[in-house]
Amino acid sequence: MDSLQVPRPTWMSEDLNMLEEQTRKFLAGELVPHLETWHEQGIMDRKAWNKLGEAGLLCAGIPEEYGGAGGTFAHETVINREFALAGLDSIGAPLHSGIVAPYILNYGTEEQKKKWLPKLATGELVAAIAMSEPGAGSDLQSIRTTALKSGNGYVLNGSKTFITNGQHANLIIVVAKTDPAHGAKGTSLMVVETDNTPGFRRGRKLNKLGMDWADTSELFFDEAKLPAEALLGTEEGQGFFQLMRDLPQERMIVATSAVGMIERALRLTIDYVKERKAFGKAVMEFQNTQFELAECKTEATIGRVFHDHCVERHLKKELDTATASMAKYWLSDLQNKIVDRCLQLFGGYGFMDEYPISRMYRDARVQRIYAGTNEIMKVVIARTL
Ligand SMILES: Cc1cc2nc3c(=O)[nH]c(=O)nc-3n(C[C@H](O)[C@H](O)[C@H](O)COP(=O)(O)OP(=O)(O)OC[C@H]3O[C@@H](n4cnc5c(N)ncnc54)[C@H](O)[C@@H]3O)c2cc1C
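Residues numbered from 1 in each chain as written. Predicted model: local features only at pLDDT ≥ 70, side-chain atom pairs only at ≥ 80, totals over all residues. Heavy atoms only, no water.

1. A short note on the site of the ligand
Note the threshold: We call a residue near a molecule or strand as soon as one heavy atom of that residue lies within 4 Å of the molecule or strand. Under this definition, polar contacts are N or O atom pairs within 3.5 Å; protein pairs additionally need one hydrogen-donor-capable and one acceptor-capable atom, and for neighbouring residues in sequence, both atoms have to be side-chain atoms. Note on areas: Shrake-Rupley, 1.4 Å probe, and residue coverage restricted to the protein chains presented here. Helix numbering and strand numbering both begin at the N terminus, where a helix is a DSSP run of H or I of at least 4 residues and a strand a DSSP run of E of at least 2. Gly counts as polar in this scheme, as do all residues outside two lists: the nonpolar Ala, Val, Leu, Ile, Met, Phe, Trp, Tyr, Cys and Pro, and the charged Asp, Glu, Lys and Arg.
In the vicinity of the ligand, 19 residues are found, and the nearest of them are Ser-132, Ser-138, Phe-162, Thr-373 and Glu-375. Within the contact set of the ligand, a nitrogen atom lies 2.8 Å away from a side-chain nitrogen or oxygen of Thr-164. When the ligand is considered free in solution it has 970 Å² of accessible area, and contact with the protein chains removes 64% of it. Elements with a contribution of two residues or more to the shell around the ligand: β1 (127–130), β3 (153–164) and α12 (374–382). Residue classes in the shell around the ligand are distributed as twelve nonpolar, six polar and one charged.

Here it is, written out as structure tokens:
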């Protein structure tokens, strides 16, 4: 019997059950065997993107007419949970498929959708979104990158940091001021195809506390020339509103990773304490261990039910930003708490890099920081009080 007995969401269909099984099999056979190499080299192999594309695991929620798998956010959620369950914490695919591709689908012109989405679905293009700058993260209105009109196009100047998929990306949505005199209303989303953009330069792939093989990089734009069609959509000054409208989905992607990582941590720990002996009995037999894990399982179940409820509301287009922020902040906090308690039950082995729980502890920390810090989530929730 499964030691967690995770409740199945009501929105799981036969089709989604099959996707779950296929994804699990694909990841175990094709990606998990490379984890140690990626961990050592600090980045995933570029060709893994194409493999994901071939397996239909990129852009699952994008309509078939644009090369996607024609699914919904439920499909994305099933795949993202499998990434977490398989220990692929550092993978940038959820951002590629669930954040960048939907911006193009929701706000791009027909021409832009036809040009970019099919290549994102195959992995020919790898996507990134560049909002954060050395001087501005939470306070996005104060970004300094500019995209100013010049001839028939734009000239992009500025620097971005902490950008996921930064080394591999060849399609980057850059948040820039097209009218620096106006804060939010002067902000636009510019789509940069890096292969033909002189003036674009990649900086360092940054060393981090965790998510060792996540491709997190600096990017520089120095008089980078962009064609007029680089503007996402047809109207300048829409960037901030476009970003705001898609926030619930971005926050649910982090919440789903949290749910998957919590389940993985608990499964690994339950297996370990049943095997490990101390004072002549299995560590599982101590009442402290049982109570610790009973509490963790209870909270994990509560978290999963809330997560699934939020996904259901998002599928019905009823999920508001404040509720999605609750899911992001509460589940990522819970993930950190549970992984810490699980690690304690591993004793000294929990501190060793070769034990997955040790890496999970390090990987968990950033979940409270990126996609909007948990403090910003509370600011958003507090506005509804
Ligand atoms: C691994 C990783 C991957 C990332 N990927 C991307 C990416 O792909 N694209 C991208 O654009 N960015 C990315 N980021 C950046 C991330 O989104 C930012 O780090 C985050 O939004 C916080 O911004 P900051 O680092 O500038 O912190 P700051 O904004 O300087 O915040 C510092 C502290 O002040 C607090 N604070 C700020 N404002 C308030 C407030 N109003 N009320 C209360 N407290 C406040 C914060 O919560 C935080 O504790 C990534 C970051 C990491 C670490």
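Having seen it, we continue.
2. Quick notes on the packing of aromatic side chains
Note the cut-off: When the centres of two rings from Phe, Tyr and Trp lie within 6.5 Å, Trp using its six-membered ring, the rings pair. Their planes under 30 degrees apart give stacked, over 60 give edge-to-face, and anything left gives tilted. Relative accessible area decides the class of each residue, using a 1.4 Å probe on protein chains only: under 20% of the type maximum gives buried, over 50% gives exposed, and in between gives partly exposed.
A full pass over the atoms with the stated rule returns seven aromatic pairs. When the ring of Tyr-103 is compared with that of Tyr-107, the centres are 6.3 Å apart and the planes differ by 35°; the resulting orientation is tilted. With a gap of four residues between them, Tyr-103 and Tyr-107 both fall in helix α5 (residues 93–107), about one helical turn apart. Exposure remark for Tyr-103: the relative accessible area of 1% places this residue in the buried category.

3. Some points on the pattern of salt bridges
Quick note on the threshold: Each reported salt bridge corresponds to a side-chain nitrogen of Lys or Arg within 4 Å of a carboxyl oxygen of Asp or Glu.
One pass over the structure, following the stated rule, counts 23 salt bridges. Measuring nitrogen to oxygen at the nearest pair gives 4.0 Å for the salt bridge that ties Glu-82 to Arg-81. Each member of the pair, Glu-82 as well as Arg-81, carries the same accessibility label: buried. A cluster of three or more residues bridged by salt bridges with shared partners is formed by Arg-8, Glu-20, Arg-24, Arg-81, Glu-82, Glu-263, Arg-304 and Asp-308.

4. Observations regarding the environment of Glu-354
Position of Glu-354 among the secondary structure elements: in the loop between α10 (321–345) and α11 (356–364). Along the primary structure Glu-354 and Glu-36 are separated by 318 residues, whereas in three dimensions their C-alpha atoms are 9.6 Å apart.

5. Structural notes on helix α8 (residues 247–275)
Going by this rule: Multiplying 1.5 Å by the residue count of a helix minus one yields the expected span of that helix.
In a regular helix each residue adds 1.5 Å, so 29 residues correspond to 42 Å; α8 covers 43 Å between its end C-alpha atoms and thus fits that length. Within α8, 24 of the 29 residues are buried, which leaves it mostly tucked inside the rest of the structure.

6. Quick look at a nonpolar patch on the surface
Applicable threshold: Residues forming no salt bridge and having over 30% relative accessible area are the ones grouped into patches, like charges within 9 Å of each other and nonpolar side chains (Val, Leu, Ile, Met, Phe, Trp, Tyr) within 5 Å.
Together, Tyr-349, Phe-351 and Met-352 give the surface a local cluster of nonpolar side chains, amounting to about 340 Å² of exposed area. Relative to the helices and strands, Phe-351 is located in the loop between α10 and α11.

7. Observations regarding the environment of Leu-156
Note the following rule: Working rule for contacts: check all heavy atoms of both residues, and any pair within 4.5 Å makes them a contact.
In this fold, Leu-156 is placed in strand β3. In sequence terms Leu-156 and Lys-177 are 21 residues apart; their C-alpha atoms lie 9.3 Å from each other. Those residues in contact with Leu-156 that lie beyond four places of it in its chain are Thr-145, Thr-146, Ala-147, Val-174, Ala-176, Val-192, Phe-221, Asp-222, Glu-223, Ala-224 and Leu-226.

8. Thoughts on the nonpolar core
Rules: By convention a nonpolar core is built from buried Ala, Val, Leu, Ile, Met, Phe, Trp, Tyr and Cys residues, the set being connected through side-chain atoms within 4.5 Å.
Residues Leu-31, Leu-52, Leu-88, Ile-91, Tyr-103, Ile-129 and Leu-266 are the most contacted members of the largest nonpolar core, which totals 93 residues. Considering every element that reaches this core, the biggest residue donor is α8, with twelve residues. Excluding residues within four positions of it along the chain, Ile-91 makes contact with Leu-31, Met-44, Leu-52, Phe-83 and Trp-213. Of all hydrophobic cores here, the second largest spans 19 residues; its members include Ala-128, Ala-130, Leu-226 and Ala-230.

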